[in-house]
Amino acid sequence: MSISLTPKQEHFIQTKLQTGKYQSVEEVLEIALQLLDEYDHAESEWVEEVREKIDDAIAISEHTAPIDGETFVNQILDSFQQQRQVKK
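Residues numbered from 1 in each chain as written. Predicted model: local features only at pLDDT ≥ 70, side-chain atom pairs only at ≥ 80, totals over all residues. Heavy atoms only, no water.

1. Considerations on the overall build of the chain
Of regular secondary structure, the chain possesses three helices and zero strands. Shown N-terminal to C-terminal, the secondary structure of the chain runs as helices and strands in the order α-α-α. Scaling as 2.2 N^0.38, a compact globule of 88 residues should have a C-alpha radius of gyration of about 12 Å, whereas the chain reaches 26 Å, well beyond that. Based on the C-alpha atoms only, the size of the chain along its principal axes is roughly 65 × 35 × 20 Å. Just so you have it, the chain exposes about 8400 Å², and 56% of that area is on carbon and sulfur atoms. Charged side chains of the chain number 8 positive and 18 negative; the gap between the two group centres comes to 14 Å. (Helix = DSSP H or I, 4+ residues; strand = E, 2+ residues; numbered from the N terminus. Rg over C-alpha atoms; globule rule 2.2 N^0.38 Å. Areas by Shrake-Rupley, 256 points an atom, 1.4 Å probe, with all protein chains shown as cover. Lys, Arg positive; Asp, Glu negative; His and termini not counted. Charge placed at Lys NZ, Arg CZ, Asp CG, Glu CD.)

This is the structure we're talking about:
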């Protein structure tokens, strides 16, 4: 396979090689590809976790009576007030 790099990409790779930490262009690209794979894997796991949380919330909401926004906010405010009184 043959690839073309932009001048910015070439400069980036050359800068990495000049540090002495990497021995070749191939090594720099291999590490970059490994990191890309790890990033993709982590992103997929995060998406799956979010989907599970949404599914759980939907399942709970199907068995919970709906409340209006004003009631919900008032319940939160009451909870905060009770916590303040406990701390005093």
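2. Description of the confidence of the model for the chain
When the pLDDT values of the chain are averaged, the result is 93; 99% of them are 70 or greater. Of all the helices and strands in the chain, helix α3 (residues 69–87) carries the lowest mean pLDDT, 90, while helix α1 (residues 7–18) carries the highest, 97. (pLDDT = per-residue confidence, 0-100.)

3. With respect to the environment of Val86
Of note, Val86 is situated in helix α3. Residues Val86 and Leu33 lie 53 residues apart in sequence; the distance between their C-alpha atoms is 54 Å.

4. A closer look at a negative patch on the surface
On the surface, a cluster of negative charge is contributed by Glu45, Glu48, Glu49, Glu52, Asp55 and Asp56. When you line up the elements, Glu45 lands in helix α2 (residues 25–61). (Patch = residues over 30% accessible without salt bridge, like charges linked within 9 Å, V, L, I, M, F, W, Y side chains within 5 Å. Salt bridge = Lys/Arg side-chain N within 4 Å of Asp/Glu carboxyl O.)

5. Focus on a nonpolar patch on the surface
Together, Ile67, Phe72, Val73, Ile76, Leu77 and Phe80 make up an exposed nonpolar region whose accessible area comes to about 540 Å². Along the chain, Ile76 turns up in helix α3. Residue Ile76 is classed as partly exposed on the basis of its relative accessible area, which comes to 32%. (Buried < 20%, exposed > 50% of the residue type's maximum accessible area, 1.4 Å probe, protein only.)

6. So, α1
A rise of 1.5 Å per residue sets the reference length of α1, with its 12 residues, at 16 Å; its end C-alpha atoms lie 16 Å apart and thus fit the reference within 8%. Phi turns positive one or two residues past the end of α1, at Gly20, with a value near 85°. (Expected span 1.5 Å × (residues − 1).)

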